[in-house]
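Fold and geometry: a report
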Amino acid sequence: MAVRAVVIEADGGSRGNPGPAGYGAVVRDPETGEVLAERSESIGTATNNVAEYRGLIAGLEAAAELGAAEVEARMDSKLVVEQMCGRWQIKHPGLRPLAAQAAGLVSRFAAVRFTWVPRERNRHADALANAAMDAAASGVAPAAAPVKAAAREATVVRATGTDPATTPASWEPRPTEEATRLILVRHGETERTVQKRYSGRGDVPLTERGRAQARATAARVAALAPSVAAVVSSPLSRCTATAEAVAAQVGNPPVRTDDDLIECDFGVWEGHTFAEVREGWAAELDAWLASTKVAPPKGESFVTVAERTGRAVDRLRSAYPGETVVVVSHVSPIKLVLRDALAAGDAFLHRLYLDTAGISVLDLYPDGGVAVRSVNDTSHLTDA
């Protein structure tokens, strides 16, 4: 059974800096302290900082294999913690690919918090790292410990304040590898968007203006992307109709639907205006606005939506390396993708406005780097 939350303890080091190096990582149940997984490996000759990043990456990979949604990563490396939180620049070029790899893993979780701890509180991971260093010095690599099956699901309060801003600054050269480009399109207008009503899983069709918006968006996408590998859509008709208009303009690739791109389930609020929800569910609305963990009554939380949109983005990155994919979805999934791409906080979700048929573009690099090219472009809608 997948765990809800875990604690990672990670460490790494070398005999000589650089010298024979290794890392250790432990994944624990946050409530019981039970060890769920151990990882350690000799990595040849490397620096302390490289080994420490490798320990963090191994811990994050183990947590992902366990199905964790929330992570607290504890390390006695001040450098790694501060760089992963975005407070220190990553000046050494050798650490940037490792930091980017760690950031890519961080994006798979609903929440990650980094905590510096003194070495005496990181003894288990330190012991694993030292054993790996000893093995590196002797030329014998120890076998990596397997991930243990989790005994039960754990729950904790979601970590906040995470800022995995570890990719190179925007003014630095990008890697030579081609990015996977996602052109994110919000569906065209519906009656509910005009009336400003919550529109989640209800299958509401496009209005006549919405269909005109879809055609205008299709022309804009065709101008932005001479070659499109795929058009992927939420299964709801307001999205598939928009996606089909786009596909017709970019070479008619088949429109493929992905259930993970569907809109948030607003539960009993479906079809109501914000004012109606405020009148009928004031306390529930306040709680929902205050935390992405909270779901509308009988609905779905943004944490859950973020988990599935993250899965969808990961699949597209893997399936279409270096290619362009058009993704037609809804306001909540697109906001969550952009939040994670910009390493923004949850307040971003309530401050960003996305118009119907607006276009956002982001590039996903093989090293885990992300470049957001545009957000909510509506220049093509002036005559729609």
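Residues numbered from 1 in each chain as written. Predicted model: local features only at pLDDT ≥ 70, side-chain atom pairs only at ≥ 80, totals over all residues. Heavy atoms only, no water.

Within the protein one finds 12 helices and 11 strands. In the protein, buried positions account for 51% of the 384 residues. Looking at the protein alone, contacts between residues at least 24 apart form 73% of all its contacts between residues at least 6 apart. A total of about 16,600 Å² of accessible surface is found on the protein, and carbon and sulfur atoms cover 51% of it. (Helix = DSSP H or I, 4+ residues; strand = E, 2+ residues; numbered from the N terminus. Buried < 20%, exposed > 50% of the residue type's maximum accessible area, 1.4 Å probe, protein only. Contact = heavy atoms within 4.5 Å. Areas by Shrake-Rupley, 256 points an atom, 1.4 Å probe, with all protein chains shown as cover.)

Turning our eyes to something else, we now look at the packing of aromatic side chains. Taken as a whole, this structure holds six aromatic pairs when the rule is applied. With 6.1 Å between their ring centres and 75° between their planes, Tyr-198 and Trp-288 make a pair best called edge-to-face. Residue Tyr-198 is found in the loop between helix H5 (191–194) and helix H6 (208–224), and its partner Trp-288 is found in helix H9 (residues 282–290); the two are separated by 90 residues along the sequence. There is no split in this pair, since Tyr-198 and Trp-288 are both buried. Ring pairs connect the aromatic residues Tyr-198, Phe-266, Trp-269, Trp-288 and Phe-302, which therefore count as one cluster. (Phe/Tyr/Trp six-rings, centres within 6.5 Å; stacked < 30°, edge-to-face > 60°.)

Ordered in space as E8-E7-E9-E6-E10-E11, the six strands form an open sheet in which the pairing is mixed. Only two strands of the sheet have a single partner each, and these edge strands are strand E8 (255–257) and strand E11 (370–377). Sheet twist, expressed as the mean angle between neighbouring strand axes with direction ignored, is 20°. Two elements, strand E6 (residues 180–186) and strand E10 (residues 359–364), share six bridges in a ladder whose sense is antiparallel. Paired with Ile-183 across the two strands is Val-361, which belongs to E10. On the sheet, helix H10 (residues 302–319) packs against E6, strand E7 (230–233), E8, strand E9 (324–329) and E10 and is oriented at approximately 140° with respect to E6. Sheet contacts for helix H11 (residues 331–341): E6, E9, E10 and E11; angle to E6, the most-contacted strand, approximately 145°. (Pairing = 2+ DSSP bridges. Axes fitted to C-alpha atoms, helices over the stretch in contact; angles between N-to-C directions.)

Glancing now at the side chain of Glu-72. Relative to the helices and strands, Glu-72 resides in strand E4 (residues 70–75). When its relative accessible area of 13% is taken as the criterion, Glu-72 is described as buried. Within the structure, Glu-72 has its side chain in polar contact with the side chain of Arg-74 (distance 3.2 Å). Reaching out from Glu-72, the side chain makes a polar contact with the side chain of Thr-115 at a distance of 2.8 Å. Apart from residues no more than four positions distant in its own chain, Glu-72 is found in contact with Val-6, Val-7, Ile-8, Arg-113 and Thr-115. (Polar contact = N/O pair within 3.5 Å; in protein donor to acceptor, adjacent residues only side chain to side chain.)

What follows deals with the sheet that holds strand E2 (residues 19–28). Spatially, E3-E2-E1-E4-E5 is the arrangement adopted by the five strands of the open sheet, whose pairing is mixed. Each edge of the open sheet is held by one strand with a lone partner, namely strand E3 (35–46) and strand E5 (111–116). Across this sheet, the average inter-strand angle for adjacent strands is 15°, counted without regard to direction. Sitting on the sheet, helix H4 (residues 123–138) is in contact with strand E1 (5–14), E2 and E3, with an inclination near 150° to E2.

An α-helical turn contains 3.6 residues, so any two residues separated by three or four positions project in the same direction. Taking 1.5 Å per residue, 17 residues should reach 24 Å; H6 reaches 25 Å between its end C-alpha atoms and fits that length. Within H6 the residues assigned to the buried category are Gly-210, Ala-212, Gln-213, Ala-214, Ala-216, Thr-217, Ala-218 and Val-221. Each element contacted by the buried residues of H6 is listed here: E6, helix H7 (237–249), E9 and E10. (Expected span 1.5 Å × (residues − 1).)

Averaged over all residues, the pLDDT of the protein equals 87, while 89% of them reach at least 70. In this model, residues 141–176 is a region of pLDDT below 50 whose contacts with residues beyond four sequence positions or in other chains number 88 contacts. (pLDDT = per-residue confidence, 0-100.)

With that settled, consider the nonpolar core. In this structure, Leu-56, Leu-60 and Phe-114 are the most contacted members of the largest nonpolar core, which totals 39 residues. For this core, the secondary structure elements donating two or more residues are E1, E2, E3, helix H1 (48–65), E4, helix H2 (78–84), helix H3 (96–106) and E5. Beyond its immediate sequence surroundings of up to four residues, Leu-56 is in contact with Ala-10, Ala-73, Met-75, Val-80, Met-84, Ala-102 and Phe-114. Core analysis: the second largest hydrophobic core is formed by 33 residues, Leu-184, Tyr-320, Val-337 and Leu-338 among them. (Core = buried A, V, L, I, M, F, W, Y, C linked by side-chain atoms within 4.5 Å.)

Burial of E7 is two-sided: the residues Ala-230 and Val-232 facing one way and the residues Val-231 and Ser-233 facing the other way are all buried. Pairing between E7 and E8: three bridges, direction parallel. Directly across from Val-232, in E8, lies its bridge partner Arg-256. Between the parallel elements E7 and E8, the chain passes through H7 in a crossover that is right-handed. (Right-handed = clockwise from strand over helix to strand, strands pointing away.)

All right, on to the environment of Arg-315 then. The topology assignment puts Arg-315 in helix H10. By relative accessible area, Arg-315 is classed as partly exposed at 38%. Engagement of the side chain of Arg-315 in a polar contact is seen with the side chain of Asp-258, the distance being 2.8 Å.

With that settled, consider the environment of Phe-266. The topology assignment puts Phe-266 in the loop between E8 and helix H8 (274–280). Not counting chain neighbours up to four residues away, the residues in contact with Phe-266 comprise Tyr-198, Ser-199, Gly-200, Trp-288, Pro-296, Pro-297, Gly-299 and Ser-332.

What follows covers the packing of H6 against H7. With their axes 8 Å apart at the nearest point, H6 and H7 run at an angle of 40° to one another. The pairing of H6 with H7 is recorded here as oblique in orientation. Pair H6 / H7 crosses with right-handed handedness. Only Thr-242, Ala-245, Val-246 and Gln-249 of H7 make contact with H6, whose side of the interface consists of Ala-214, Arg-215, Ala-218, Ala-219, Val-221 and Ala-222. Looking at the contact of H6 with H7, its residues break down into seven nonpolar, two polar and one charged. (Parallel < 35°, antiparallel > 145°, perpendicular 65-115°, else oblique. Left-handed = near helix turned anticlockwise from the far one by under 90°. Nonpolar A, V, L, I, M, F, W, Y, C, P; charged D, E, K, R; others polar.)

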